[in-house]
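Per-entry structural report
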Amino acid sequence: MIAPLFDRARAPKHPELVVFRGVRAVDPAAGLDALIDVIVERGLIARVGAGAATQEELTSERVLVVDALGRWLLPAFVDLHAHFREPGQEYKEDIGSGLAAAAAGGFAHVCCMPNTKPINDTRAITEMMVARAASVGGTRLHPIAAITKGQRGEELTEMADLREAGAVGVSDDGVCVMSSVVMRRALEYARTFDMPVIQHCEDHGLTAGAQMHEGAVATRLGLRGWPRVAEDAIVARDLLLAEATGARYHVAHVSTEGSVRLIREAKSRGIRVTAEVTPHHLMLTDEAIVGYRTFCKVNPPLREARDIEALRAALADGTIDAIATDHAPHSPLEKDCEMQEASPGMVGLELVVPVLLELVHAGVLPLARFVDALTRAPSKIVGLEAPSLVVGARAELTLVDPDLEHVVSAASLRSKSKNSPFLDRTYRGRVELTMLGEQFAFLGGEHR
Ligand SMILES: [Zn+2]
């Protein structure tokens, strides 16, 4: 057993101050990585620094002292890519359970993709999602609306309306905008609002019937493959369109070494491109589908070791800006079935820290880059104010115990869905609490 962060029974219900004592505060955007106290007053960061808390404060009954010696206090995270299934498929996830999962994962903000039922291609649905999330509280939800009506790839949505209603970007995620004419118009239209156009890069002609990455494993299993070039070809075309239009273009869930090469080259020429990568594309190869089967069916598919190597290097050097979960809840109905029938995707919000700290511990991903890719970088892409540890900022904080060994199980997830190949493994490091404004949006267990 480990000493609790604080005595919940005796903690003041409405503390005047919350003192995070002796934490390793890491906020690369502020140039901060130090063992200090961080003091929150009425939902704002009031003071930071070594010995910032006075002896009087540390002993006051009106002050909540979180004894977190050596644990990491980080700006809370921002996810660019999640699927909350409301409206339409609330048996998989709803906005309430999705936001609870997000808070447990350390997230202050989550951007939700439009492939709900009906599809979020109108002001009414965008407004409904924003209002519903506001009534839940805690982690904030920011809708990403569709690029085209019904995600059919033909007619553009009313982006001005959608933006006014709260959409922070547009995407037909799950489906690629195949027409160059439509994609060009989308980029031109979105540019007038400086909204990012987020593409799911997949040439559907090249992936018809595909169940997994095209390669030796697919051949062995007798499954039709999804070749890398189906992603690379769309990325290449879109980069040319982005260059021609001057619009902001964002590549969702990059999965191939070819995409990485194209994005790196485009950035070096000043094209306004950004990119995200998921934890599963950083950690698993197509071999995983042999052991974990439908839980490892994702779109784009898990690739090979050389792709993983390229993705990790690109995330570390900033070519890939952000880590995004592509949190995709599915019930056993969509997963306990033949590969061909199974829906692609896995849940991810509550697994980011345990799964990716492996890369941080191994020195593959610098801690500062890990934090940046979950805070400042994604915020900038969708125009949100980034959570930070600067005095005066709203308290949006995640406390991480980097060394605690624990097992993530289906029962421990707040998400309604449990479809993840990462469950029932031992991890080193987890989120202990998430503070958003004056509230603890998540407070984890106190025992090892
Ligand atoms: Zn997605």
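In case you missed it, the structure is sitting above this.
Everything in this summary refers to the structure shown in the same document. (Residues numbered from 1 in each chain as written. Predicted model: local features only at pLDDT ≥ 70, side-chain atom pairs only at ≥ 80, totals over all residues. Heavy atoms only, no water.)

1. Digging into the overall build of the protein chain
A count of helices and strands for the protein chain gives 15 helices and 18 strands. Projected onto its principal axes, the C-alpha coordinates of the protein chain cover approximately 70 × 50 × 40 Å. Expressed as a percentage of contacts within the protein chain between residues at least 6 apart in sequence, the contacts between residues at least 24 apart total 76%. Here the protein chain displays about 17200 Å² of accessible surface, and carbon together with sulfur accounts for 51% of that area. (Helix = DSSP H or I, 4+ residues; strand = E, 2+ residues; numbered from the N terminus. Contact = heavy atoms within 4.5 Å. Areas by Shrake-Rupley, 256 points an atom, 1.4 Å probe, with all protein chains shown as cover.)

2. Thoughts on the coordination of the zinc ion
For the zinc ion, the full set of protein donor atoms is His81 (NE2), His83 (NE2), Asp173 (OD) and Asp326 (OD), at a range of 2.1 to 2.3 Å. Considering all four donor atoms around the zinc ion, angles at the metal cover 85 to 167° and the coordination shape is irregular. Read from N- to C-terminus, the donor residues coordinating the zinc ion fall into the pattern H-x1-H-x89-D-x152-D. With histidine 83 in the loop between β6 (77–82) and α2 (95–105) and aspartate 326 in the loop between β15 (322–323) and α12 (332–335), this residue pair connects regions lying 243 residues apart in the sequence. The two residues histidine 83 and aspartate 326 agree in class, both being buried. (Donors = N, O, S within 2.8 Å, 3.2 Å for Na, K, Ca; no water. Tetrahedral: all angles 85-135°; square planar, octahedral: opposite > 155°, others 65-115°. Buried < 20%, exposed > 50% of the residue type's maximum accessible area, 1.4 Å probe, protein only.)

3. Thoughts on the pairing of strand β2 (residues 32–41)
Of the pairings in the sheet, the one linking strand β1 (residues 17–27) to β2 comprises nine bridges and is antiparallel in character. Across the sheet, the residue bridging to valine 19 is isoleucine 39, located in β2. Turn length for the β1-β2 hairpin, with the two strands adjacent in sequence and antiparallel, is four residues, and the turn residue glycine 31 shows positive phi of about 65°. Here five bridges tie β2 to strand β3 (residues 44–49), and the two strands are oriented antiparallel to one another. Residue aspartate 37 lies in a different strand from β3, and its bridge partner there is glycine 49. Adjacent in sequence and paired antiparallel, β2 and β3 are bridged by two residues, among which arginine 42 carries a positive phi angle near 50°. (Pairing = 2+ DSSP bridges.)

4. Notes on the nonpolar core
One finds Tyr249, Val251, Ile320, Leu356 and Phe370 to be the most contacted residues of the largest nonpolar core, which totals 92 residues. Among the elements that take part in this core, helix α13 (residues 352–361) stands out by supplying seven residues, more than any other. With near-sequence residues (within four places) excluded, valine 251 lies in contact with Gln199, Cys201, Val235, Ile263, Val273, Thr274, Ala275 and Glu276. Ranked by size, the runner-up nonpolar core spans 22 residues in total, among them Val23, Val38, Val66 and Leu397. (Core = buried A, V, L, I, M, F, W, Y, C linked by side-chain atoms within 4.5 Å.)

5. Notes on a nonpolar patch on the surface
Taken together, the side chains of Val48, Val390 and Val391 present a nonpolar region at the surface, about 210 Å² in accessible area. With respect to the element layout, valine 391 can be found in the loop between α15 (376–382) and β16 (396–408). On the basis of relative accessibility, which here comes to 46%, the residue valine 391 falls in the partly exposed class. (Patch = residues over 30% accessible without salt bridge, like charges linked within 9 Å, V, L, I, M, F, W, Y side chains within 5 Å. Salt bridge = Lys/Arg side-chain N within 4 Å of Asp/Glu carboxyl O.)

6. Some points on the packing of α2 against helix α3 (residues 123–136)
At their nearest, the axes of α2 and α3 sit 10 Å apart, and the two run at 60° to each other. With respect to their mutual orientation, α2 and α3 come out oblique. As α2 packs across α3, the resulting crossing turns out to be right-handed. Seen from α2, the contacting residues are Ile95, Gly96 and Leu99; seen from α3, they are Met129, Arg132, Ala133 and Val136. (Axes fitted to C-alpha atoms, helices over the stretch in contact; angles between N-to-C directions. Parallel < 35°, antiparallel > 145°, perpendicular 65-115°, else oblique. Left-handed = near helix turned anticlockwise from the far one by under 90°.)

7. So, the side chain of histidine 81
For histidine 81, the location among the structural elements is in strand β6. In this view, histidine 81 contacts Cys111, Met113, Asp173, Ala252, His253, Glu276, Ala324, Thr325, Asp326 and His327; residues no more than four positions away in its chain are not counted.

8. Examining the pairing of β1
Here β1 lies mainly inside the structure; nine of its eleven residues are buried. Bridge analysis of β1 against strand β4 (residues 63–67) gives five bridges, and the strand direction is parallel. Opposite valine 19, over in β4, you have valine 65 as the bridge partner. For β1 and strand β5 (residues 72–75), the ladder comprises two bridges, and the chain directions are parallel. Counted as the bridge partner of arginine 24 is tryptophan 72 from β5.

9. Observations regarding helix α8 (residues 257–268)
For α8, with twelve residues, the first-to-last C-alpha span of 17 Å sits near the 16 Å given by 1.5 Å per residue. Among the residues of α8, Gly258, Ser259, Val260, Ile263 and Ala266 are the ones counted as buried. Looking at the buried side of α8, the elements it contacts are α7 (228–245), β13 (249–251), β14 (273–277) and α11 (305–317). One or two positions beyond α8, positive phi appears at glycine 270, with a value near 85°. (Expected span 1.5 Å × (residues − 1).)

10. Quick notes on α2
Along α2, nine of the eleven residues are buried, which leaves the element largely enclosed by surrounding structure. Capping of α2 at its N-terminal end is provided by aspartate 94; its side-chain oxygen lies 3.0 Å from the backbone amide nitrogen of glycine 96. The first or second residue beyond α2 is glycine 106, which carries a positive phi of 100°. (Polar contact = N/O pair within 3.5 Å; in protein donor to acceptor, adjacent residues only side chain to side chain.)

11. Considering the environment of glutamate 90
Mapped onto the elements, glutamate 90 comes out in the loop between β6 and α2. For glutamate 90, a relative accessible area of 30% corresponds to the partly exposed category. Each C-alpha atom of the pair glutamate 90 and threonine 116 lies 9.8 Å from the other, and the pair is 26 residues apart in sequence. At a separation of 3.2 Å, a polar atom in the side chain of glutamate 90 contacts the main-chain amide nitrogen of glycine 88.

12. Focus: the pattern of salt bridges
Applying the stated criterion to the full structure yields 30 salt bridges. The closest approach of N and O atoms between lysine 149 and glutamate 155, which form a salt bridge, is 3.1 Å. On the basis of relative accessibility, which here comes to 29%, the residue lysine 149 falls in the partly exposed class. Of the charged contacts, one joins glutamate 188 and arginine 184 as a salt bridge, the two residues approaching to 3.3 Å between their closest N and O atoms. You can see glutamate 188 and its partner arginine 184 sitting in helix α5 (residues 180–191), four residues apart, about one turn around the helix. We classify glutamate 188 as partly exposed; its relative accessible area is 29%. Three or more residues are tied together by salt bridges with common partners; here these are Arg71, Asp401, Arg430 and Glu432.

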